[in-house]
Every structure is written in structure tokens, then in C-alpha cells.
Amino acid sequence: MHPAASVVFFTTATGAGYGLLGLLGVLGGLGFVSADFWLGLIGMGLALGLIAAGLLSSTGHLGRPERAWRAFSQWRSSWLSREGVASVATLIPAGLFGIGWVLFGRTGGWVAVAGLLAAVGAVVTVCTTGMIYASLKPIAQWHSPYTLPGYLIFSAMTGSMLLNALLQAFAVGATAIATAALLLTFLGWGWKLTTWRYNDALEIATTANTATGLAGGTVRSLEWPHTEENYLLKEMGFRIARKHAAKLRLITQVLAFALPALLLALAFALPRPFAAVLSVLAAIVQFAGMLVERWLFFAEAKHTVTLYYGR
Amino acid sequence: MTCLPAHTDKKLGLVIDLDTCVGCQACVTACKEWNTGGHMAPLTDIDPYGGNVDGVWFNRVHSYEHTTEMGGRTVNFPRSCLHCETPACVTVCPTGASYKRASDGIVLIDESKCIGCKLCSWACPYGAREFDTDVGVMKKCTLCVDRIYNDNLAEEDRVPACVAACPTSARHFGDLGDPASAVSQLVAERGGVDLMPEMGYKPTNKYLPPRAHTQRAASVPAPRLEPVKAEGGFLGWVDRMLSN
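Heads up: these notes are all about the structure in this document. (Residues numbered from 1 in each chain as written. Chains lettered and ligands numbered in written order. Predicted model: local features only at pLDDT ≥ 70, side-chain atom pairs only at ≥ 80, totals over all residues.)

**Section: the nonpolar core**
Convention followed: The term nonpolar core refers to a set of buried Ala, Val, Leu, Ile, Met, Phe, Trp, Tyr and Cys residues connected through C-beta atoms within 7 Å. Backbone-placed C-beta atoms define the burial measure: a residue is buried with 20 or more other C-beta atoms within 10 Å of its own, exposed with 12 or fewer, and partly exposed in between. Helix and strand definitions here come from DSSP, where helices need a minimum of 4 consecutive H or I residues and strands a minimum of 2 consecutive E residues; each element is numbered from the N-terminal end. Any two residues are considered in contact once their C-beta atoms, placed from the backbone, lie within 7 Å.
Counting 151 residues, the largest nonpolar core has L20, L21 and L162 of chain A together with A123 of chain B as its most contacted members. Per-element tally for this core: the top contributor is helix α11 (residues 272–299) of chain A, with 14 residues. Beyond its immediate chain neighbours, meaning those up to four positions away, L21 of chain A contacts A47, I51, A94, A118 and A122 of chain A.

Dropping the structure here:
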């Protein structure tokens, strides 16, 4: 599948944004992270900024972005529509929580309720994003039990990494948050490795035989309908990543998991200014690594239409 | 809504005979010609006379080499929308632009509602939907909805353009929901198959597999040509002169 830059950025940014929003909603609303104007403003600004930038970016790959509002209408059948509804609906409790927690400096009561609702909305939105991909039968690497948990784990992982960086930067770093970010990074690493192993061993029932209805023997593409590549091949027949898969997987592991984990471990050992700098660096490196991971997620996915072209 | 109709009165579709298709591309050309002025017009061509030709087609004909223990053969394979009974391309549509008609089962796109998110083309395992980069919307086969009900055409012309154009009658059009229809009987008689049945999309269009090898080909090769004997005399001289 062709990895459109706008979609790669969208899923990575909103994943991290909703992860951070959910954590702030729960921890801030219940008072585990005490209300502080600047911390709250930057934290909520970062979460909502990532979400807004992601949503805006997602309209970048639309052919007719001026009609994007129509995408809220088909929530009864379409995961993409559900994602649109959930992403915008989550902004209502998130906005109320932001007002209560950041502007009024309150925790508990209605602020806690709004925070928890924002967290629920964040989880639901990330689930709908995952289901868009998990529900696509023609792409076996996506239509797998690993896709939806993967989106949730990576959202929690990048969100907790951002929260840790934020708290460290404001000198209110908590060992529990840093530990959670570290453990989630290891969980994400393990999940990605398991997913790759599953995908590499995948036995796909759809073959050139079932695609053409020609039973038995071998079916070899003799001639394409046209000499040049068309939309189907450009969009669904992307092959660069499969050529460099091993190298790109290594880059993903280093940037998204190994290096952030190492930086966090160092942050544990070092005093404050260094710990804060390393925590922020870990979050930035991980975000870059997740962009590579998401790019690979698209580029390594093989659509059944490629069978018709002998690819 | 992009929810699917529980039942369609008819299941209009195509039956494509892989035994008689000669890969002449007449259906491809006729489809392009009709539809670039039809319901989903235009079928945009990008850089048509340049080095990177691209464009929207509703029907593309592939050629395959099918090799079994019985031997090998070339199979020409027209590929277009199968107007599935449970098409995921419709249910994934976030805007309601894609829909399946309850009256005849044809899968269509309302261009004025399409935002060009391309998700439907990802959801289709058959590559039936093609994005028009120029107009910014998705396009697909309409089963020539503007021909089959068109009172301005003579009755025999009220079939999809690809069916009308096929010189070997490899393409048939009709109601596959009616077991008594000519197309349904053809499918039953020839053992017509679904493409990718394991996907569960329940395609309406059916493909008739090539007939089994008949073994009727000549089993004795033609007699070998004998070399011309060298002759003497005048004819021998002519033969030698002409051979030089």
C-alpha cells in the first residue's frame, strides 16, 4: 500500500495526541497530576495540537477536502465515519476538562468526570482508527488480530512518553510515569516484533488461482492490460519497502523503541536538568521512530489486487 | 446510507466466458468510449500522448498463462466491477457516496458526495474502483446504467457497452438473481465461478472457466520436407545459379 505522508503523519500524531489527552484526563481529573496553569496549558495544547494537526493533515489526501463534513454521516456502517464522529465528540469533554483543569485549576468533581469522558473518547477514537485498517479484508497484514491492539499500545506508549517529558520539563516528574513509559515502550517493541513474525509467516488463502477463477496449476501474468502503471498499482502495488524491509525494520526498532528506552533509563540515573532534556529527547526520537513504523505499516501491506498484476 | 440493502429485487450482472475471450480489447475500448460521456463522465486520461500515460478505466483485460498437468494455455481475463452482494466498498464509505441499489443490485457512486478518501478502493479486493486524480473523486463501472434502461436506444442495444462490443459473445448480461434467466442457466451449465470466494463479498458477476482440453489437435505431424536433389543438365545449372 502506498504510504501517503498525510495519513502516516495523521495516525502517528493523533495516536500520540489522544494518548496524552487520555492520560491527562484521568491523571489530571483525579488529581494525580496537580493543576498548574502552564503545565496544563502546554500539556493540553500539545495533546489537542497533535490531534488538530493530524486531523487537518488527514484531509490533505482527500480528493475533495471541501466535502469532508459529509464524512460524519455514515457512522452506522463505516469505521472511517465513526472515527470522524468519535474524534470530534471527544473534543467536547476534552474542552470542558481543559477549562476546568487549566483555567480554573480544579481537580475532582465535574472536572474529573470531563477528564474521564475525554479519556474514554480518546480510547474509542484510537479503536476506530485501528478498525479502519483491521476491517480491510483484501490486506491480510492489516486484517489481523494484531492491528487494533497495536494502535492502542502505540497510542498509550507515545502518549505516556510525551506526558513523562512534560512532567520532567516542569520538574514534577514521577517515577511511576517514567516507569510506565519505559514498560509501554518495551510492550510496543514486543508487539511490533510479534506482529512482524505473524505477518512473515502468513499463509494467504487468496492466490492468483482464486483471483482469476482458474483452478489448479499455476497462473502467471503474461501481459498487463496497459504498459504503464495505473492508479491501482501506484496506490496498492507499492514495493519499495519490501525491498528494504530488513533495514527499515531495524531503523524502526532503534528509533521507536531501543533509543527512547535507553534515554529514559539514563534519565532515571541523572539529576534534573539532564533528566528533563533526555526525557524530551526520548519523546521526540520515539515520535520520529513511530513515523517510520507507520510508513512501514503501509508500505509492507500487500493488497490482493496486486495478484492480478503478478506482483 | 451506505448500509447494504437486505434484499435486491434483481441481481443484474455479467457472465464472462474465459473460454471464448480472445483478448481483443474491444470491450475495453467500447467501455471507455461510452462511459467517458456517460453517468460517471469523464474517464480522465492523464498525459495521454506523453511518457507517463495514466487514466481511469472501468474494464481492463489481463492475459495469463495457466499451466496444469494437462498443459499450458493463454487465458484472457477481463476485470471489472463484480457488483457484489456484500460489497465492503459500499459499507466503508464515510459519506454515503457509495451505494448499492435495492432495485437491481448495481453498485454506484454519487460523485457529488464523494470526498476522494480512496478507502473504497482499498476495501475492494478486485481493483474495480479507480481514482480520478483530475476530478478528485472515485469512479467505477456503472453496468452502463445509462444504457440498460435507456428508452432512446433500440431494445437490442440496452445492454452494457462491453457486452454489445464483444465480437465473440464472451460477455453476457442479465439477472443472476433469477434462476430461469439465460445468464443463470449459462452459469449452471458451464460451472461458472466466483472470483476470490474466500473474501466473502459474494460477487454477482460470474466467470465461466475455459473448457477442458479436447485432445482434438492433430496428433500426427506433417510429413517432413525432403531436400531437393541436385540435378544435372540445364535445370541443375539453373538450380546452382539460383542457389548462389
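**Section: the packing of helix α1 (residues 5–29) of chain A against helix α4 (residues 109–134) of chain A**
Residues and elements named next belong to chain A. Put simply, the rule is: Here the axes come from fitting lines to C-alpha atoms, over the contacting stretch only for helices, and the angles between their N-to-C directions go from 0 to 180 degrees. Any angle from 65 to 115 degrees is called roughly perpendicular, while one under 35 is roughly parallel, one over 145 is roughly antiparallel, and all others are oblique. Should the near helix be turned counterclockwise from the far one by less than a right angle, the crossing is left-handed, whereas a clockwise turn marks it as right-handed.
The geometry of α1 relative to α4 is characterised by a closest axis approach of 8 Å and an angle of 155° between their N-to-C directions. The angle between the axes of α1 and α4 places the two elements in the roughly antiparallel class. Crossing hand, α1 versus α4: left-handed. Side by side, α1 and α4 meet where T11, T14, G15, Y18, L21, G22, G25, V26, G28 and G29 of the first sit next to V111, A112, A114, G115, L116, A118, A119, A122, V123, T125, V126 and T129 of the second.

**Topic: the interface of chain B and chain A**
Counted only if it meets this: Ten residues, namely Ala, Val, Leu, Ile, Met, Phe, Trp, Tyr, Cys and Pro, are considered nonpolar, four, namely Asp, Glu, Lys and Arg, are considered charged, and the remaining ones, Gly among them, are considered polar.
Each partner contributes to the interface: chain B provides 52 residues, whereas chain A provides 45 residues. Where the side of chain B that touches chain A is concerned, the elements lending two or more residues are β4 (59–68), β5 (71–80), α2 (88–91), α3 (119–123) and β8 (130–132) of chain B. At 9 residues, the largest contribution of residues to the side of chain B that touches chain A is made by β4 of chain B. Across the side of chain B that touches chain A, the residue classes tally to 29 nonpolar, 15 polar and 8 charged.

**Re the pairing of strand β10 (residues 171–175) of chain B**
Residues and elements named next belong to chain B. Our working rule: Two strands pair if DSSP finds at least two bridges between them.
Burial analysis of β10 places 4 of its 5 residues in the buried class, the great majority of the element. Sheet analysis places strand β1 (residues 12–17) next to β10, joined by 5 bridges and oriented antiparallel. Looking across to β10, one finds that L12 is bridged to D175.

**Points about the sheet that holds β10 of chain B**
Residue and element names in this part refer to chain B. Here we have 3 strands laid out as an open sheet, ordered β10-β1-β11, and mixed in their pairing. Unpaired on one side and paired on the other, β10 and β11 (206–208) mark the two borders of the sheet. Along the sheet, successive strands turn relative to each other by an average axial angle of 25°, direction set aside. Against the sheet, helix α6 (residues 182–190) touches β1, β10 and β11, its axis set at about 120° to β10.

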